[in-house]
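Below are the chains, spelled out letter by letter.
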Amino acid sequence: MARPDQPEDGPMPQSRRAAPLPLDRQPGAVIRAARLDQGLTLADVGARCGLSGSQVSRYERGKSHPDVPTLRRFAAALDIPLHHLGLAGEAHPVMAVRELRPGFTLRARDTAEDGDRVRRREMLGLSALAGVSIATPAQAAESADGIAQGLERMLLRSDGEPLPLARLRALLHRARTDFGACRYAELAGGLAELIGSAHATVAETGGTNRDAASLVLADAYILMSDLATKADQGHVAWVSADRALQITRGSSDPIATAGAARAVAIAMRRAGRHDSAVDLLTTTAADITEHAPGRAATTGALLCSASYAAAQSGDRDRAVDLLAEAGRHTTGTGTGPGRLTADEVLVYGISVHYALGEPGAALAAARRVRPQALPTAERFARYAVDTARAWAAHGDLDRARRALRVAGRQSPEELQRPSVAALVAYIAAR
């Protein structure tokens, strides 16, 4: 897993003909500069990489983003150092310099006389190394507004084509996968088809298939609420979550109802209704029947959210007690529905202690997390971003920057969220 506390790389090796390329460029711009420097056409580079010239052009202009294997082909074809394309590895967000290999010494570019310059440049290149443009708070807010408008349109319409239940479930699985991978733009597009088709299917079927389609619709609304929360659109998040809750309360599935209640509580918390959120979460956890499948993990997740809501209200004792109780509901290792690992609870611990104004305790929790055990890129991104917040609150902006780099490497779209863009702007300003 990436380690931002490793020393900065030394001066970047030059290609055969070009001077070192700047780090504050997106990969497409780096590829274009290398191509022009070597006097190659788009078709020439495409032939070397197994791509069409038009596809190379799209990559260069930032209209498409090459994946890691494609970036490696560009690096080999144009003799571009991997560093320039953001392919250098990093490690654990909370590793201290003293934990690095023995004999470590600073490179010339990390000396006091130019360290600040390097850091400023790297903040500009933070997202470029991950293949995206860094967002200012204003840009992130504008992007979030665009997502919100799309989600609001979904709330106002329910038309679509009815689909077989298996197809609905496949669309839901894809949407969950997109959320877990932090592909939020793709998720927004997929939700439109999923919600419209689920509504139509519920309206035109009966019996057990109707009940099953209703639960798919509820899960889609929960994902819609989660996405709206990411985009800082609390009104959309609350309405979407409430729709899910109304659907699940008519079912006989306590786990589905708990998931919807948790989404409503998160919207409540973000609206400042912390006590109401804690009450809803703890009451829902207590009401889950003893033999419900996935009861332990669902209860633990509800209590984690309750702990964070209590922490944001300043109720330390209740927050710590709820987090400890959540830890008693972990389900060992593994991923997937019905699982809650100790590492996921520790990630909540970072958030809880940060909200309580205890960055040292937050970092202590972060050091205990095993990043490789986190089930999705979205969970890893939360871990890395919250670790960055804790480092910033602790006064170590350099490690905060490195933790953000890790988040950007693993989950580029996380850096476009309004709250994360604000954190980046704060660190850059300092």
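Rules of the game
Residues numbered from 1 in each chain as written. Predicted model: local features only at pLDDT ≥ 70, side-chain atom pairs only at ≥ 80, totals over all residues. Heavy atoms only, no water. Phe/Tyr/Trp six-rings, centres within 6.5 Å; stacked < 30°, edge-to-face > 60°. Helix = DSSP H or I, 4+ residues; strand = E, 2+ residues; numbered from the N terminus. Buried < 20%, exposed > 50% of the residue type's maximum accessible area, 1.4 Å probe, protein only. Lys NZ or Arg CZ within 6 Å of the ring centre and 35° of its normal. Patch = residues over 30% accessible without salt bridge, like charges linked within 9 Å, V, L, I, M, F, W, Y side chains within 5 Å. Areas by Shrake-Rupley, 256 points an atom, 1.4 Å probe, with all protein chains shown as cover. Salt bridge = Lys/Arg side-chain N within 4 Å of Asp/Glu carboxyl O. Lys, Arg positive; Asp, Glu negative; His and termini not counted. Charge placed at Lys NZ, Arg CZ, Asp CG, Glu CD. Core = buried A, V, L, I, M, F, W, Y, C linked by side-chain atoms within 4.5 Å. Contact = heavy atoms within 4.5 Å.

Participant: Help me get a handle on the packing of aromatic side chains, residues and values and all.
Facilitator: One pass over the structure, following the stated rule, counts three aromatic pairs. Relative to Phe 74, the ring of Tyr 59 lies with its centre 5.9 Å away and its plane at 90°, an arrangement referred to as edge-to-face. Separated by 15 residues along the polypeptide, Tyr 59 in helix α3 (residues 53–60) and Phe 74 in helix α4 (residues 68–78) bring together distant segments of the chain. Here Tyr 59 matches Phe 74 in class, with each residue buried. A centroid spacing of 6.0 Å and a plane angle of 55° characterise the contact between Phe 179 and Tyr 184, whose relative ring orientation is tilted. Each of the two residues, Phe 179 as well as Tyr 184, counts as buried. Above the face of the Tyr 308 ring, Arg 382 is positioned so that its terminal group lies 5.5 Å from the ring centre. Sitting over the face of the ring of Trp 391, Arg 399 holds its NZ or CZ atom 4.8 Å from the ring centroid.

Participant: Outline a negative patch on the surface, listing residues and values.
Facilitator: Among the surface-exposed residues, Asp 275, Asp 315, Asp 317 and Asp 321 lie close enough to one another that they form a single negatively charged patch. If you trace the backbone, Asp 321 turns up in helix α14 (residues 316–327). Relative accessible area serves as the criterion here: at 53%, Asp 321 is assigned to the exposed category.

Participant: A description of the nonpolar core should follow, citing residues and the corresponding values.
Facilitator: With 66 residues, the main nonpolar core has Leu 191 and Leu 194 as its most contacted residues. Top contributing element to this core by residue count: helix α9 (residues 207–230), with twelve residues. Sequence-distant contacts of Leu 194, defined by excluding residues within four places in its chain, comprise Leu 168, Leu 171, Leu 172, Ala 175, Val 216 and Ala 220. Formed by 29 residues, the second largest nonpolar core is a distinct cluster that contains Ala 362, Tyr 383, Ala 390 and Ile 427.

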